[in-house]
Amino acid sequence: MAILFPMPKRYWLMKCEPAAYTIDDLARDGRTSWEGVRNFQARNFMRDDMQEGDEALFYASNADPSGVTGLARIARAGYPDPFAWKKGHKYYDEGSTAAKPVWYSVDLAYVATFPAVVSLETLKNTKGLEQMMVIRKGSRLSVQPVTKSEFDIVARLGSKRGR
């Protein structure tokens with residue numbers, strides 16, 4: 001008889017442009033599908049690694065300022081992105097089908113909104129965050145792993161920032 005052990009919790013940074021969706025939208029909705037990711041490395045993280053209960057930093061990209069605006073958690077592990085095979089939808093991909101999906105989504109649940117943005121500049125200048133993928137020049141990946149230590153540092157920074 002095989003003994004199943006739960007996967008260890010993982011931590012993520014998930015980027016979204018404010019024109020598309022914000023932490024306030026997630027707070028209002030409570031939960032949303034994170035669809036439309038069309039990068040294979042990000043897709044692989046969502047399909048293969050993200051599990052229900054994992055925690056995420058919600059990052060506003062191309063914002064003023066860009067940075068982490070709150071916390072979320074993975075409410076549903078990776079599943080085929082249904083918009084990929086919906087003709088006419090902006091995320092449609094003729095190479096993806098229900099039988100052979102190419103793209104994946106996860107569901108994200110709201111946890112908290114920070115009183116103020118933890119800016120990219122703050123991330124770059126905070127001890128312990130030197131290796132974060134988001135601060136590397138040219139890093140554009142919309143779904144990125146972070147370590148527990150990085151997550152904890154950013155969550156602490158976010159909870160202390162006043163408006």
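Our structure's up above, just so we're on the same page.
If you're wondering where the values come from, they're calculated on a predicted model, not measured in any experiment.

## Here's the deal with the pattern of salt bridges
Alright, step 1. Scanning the model with the defined rule gives eight salt bridges in all.
Alright, step 2. We note a salt bridge from R28 to D25, for which the minimum N-O separation is 3.1 Å. Of this pair, R28 and D25 both sit in helix α1 (residues 23-29), separated by three residues, roughly a single helical turn.
Alright, step 3. Residue R47 pairs with D48 through a salt bridge whose shortest N-O separation is 2.6 Å.
Alright, step 4. The partly exposed category is assigned to D48, whose relative accessible area is 41%.
Alright, step 5. One network of salt bridges, with partners in common, ties together D25, R28 and D29.

## Digging into the sheet that holds strand β6 (residues 143-146)
Alright, step 1. Pairing within the open sheet is mixed, and its six strands lie in the order β2-β5-β4-β3-β1-β6. The open sheet has two free edges, formed respectively by β2 (31-34) and β6, since each of these has just one partner strand. Taking the axes of each pair of neighbouring strands and ignoring which way they run, one obtains an average angle of 35° across the sheet.
Alright, step 2. Strand direction decides the pairing type here: strand β4 (residues 67-80) and strand β5 (residues 104-119), joined by ten bridges, are antiparallel. Across the sheet, the residue bridging to I74 is L108, located in β5.
Alright, step 3. Sitting on the sheet, helix α2 (residues 40-49) touches β1 (11-16), β2, β4, β5 and β6, and the angle it makes with β5 is about 110°.
Alright, step 4. Across the face of the sheet, helix α4 (residues 148-160) comes into contact with β1, β3 (55-60), β4, β5 and β6 while running at roughly 45° to β5.

Cut-off values and rules
- Residues numbered from 1 in each chain as written.
- Predicted model: local features only at pLDDT ≥ 70, side-chain atom pairs only at ≥ 80, totals over all residues.
- Heavy atoms only, no water.
- Salt bridge = Lys/Arg side-chain N within 4 Å of Asp/Glu carboxyl O.
- Helix = DSSP H or I, 4+ residues; strand = E, 2+ residues; numbered from the N terminus.
- Buried < 20%, exposed > 50% of the residue type's maximum accessible area, 1.4 Å probe, protein only.
- Pairing = 2+ DSSP bridges.
- Axes fitted to C-alpha atoms, helices over the stretch in contact; angles between N-to-C directions.
- Contact = heavy atoms within 4.5 Å.

Function cannot be inferred from these measures alone, as they are strictly geometric.
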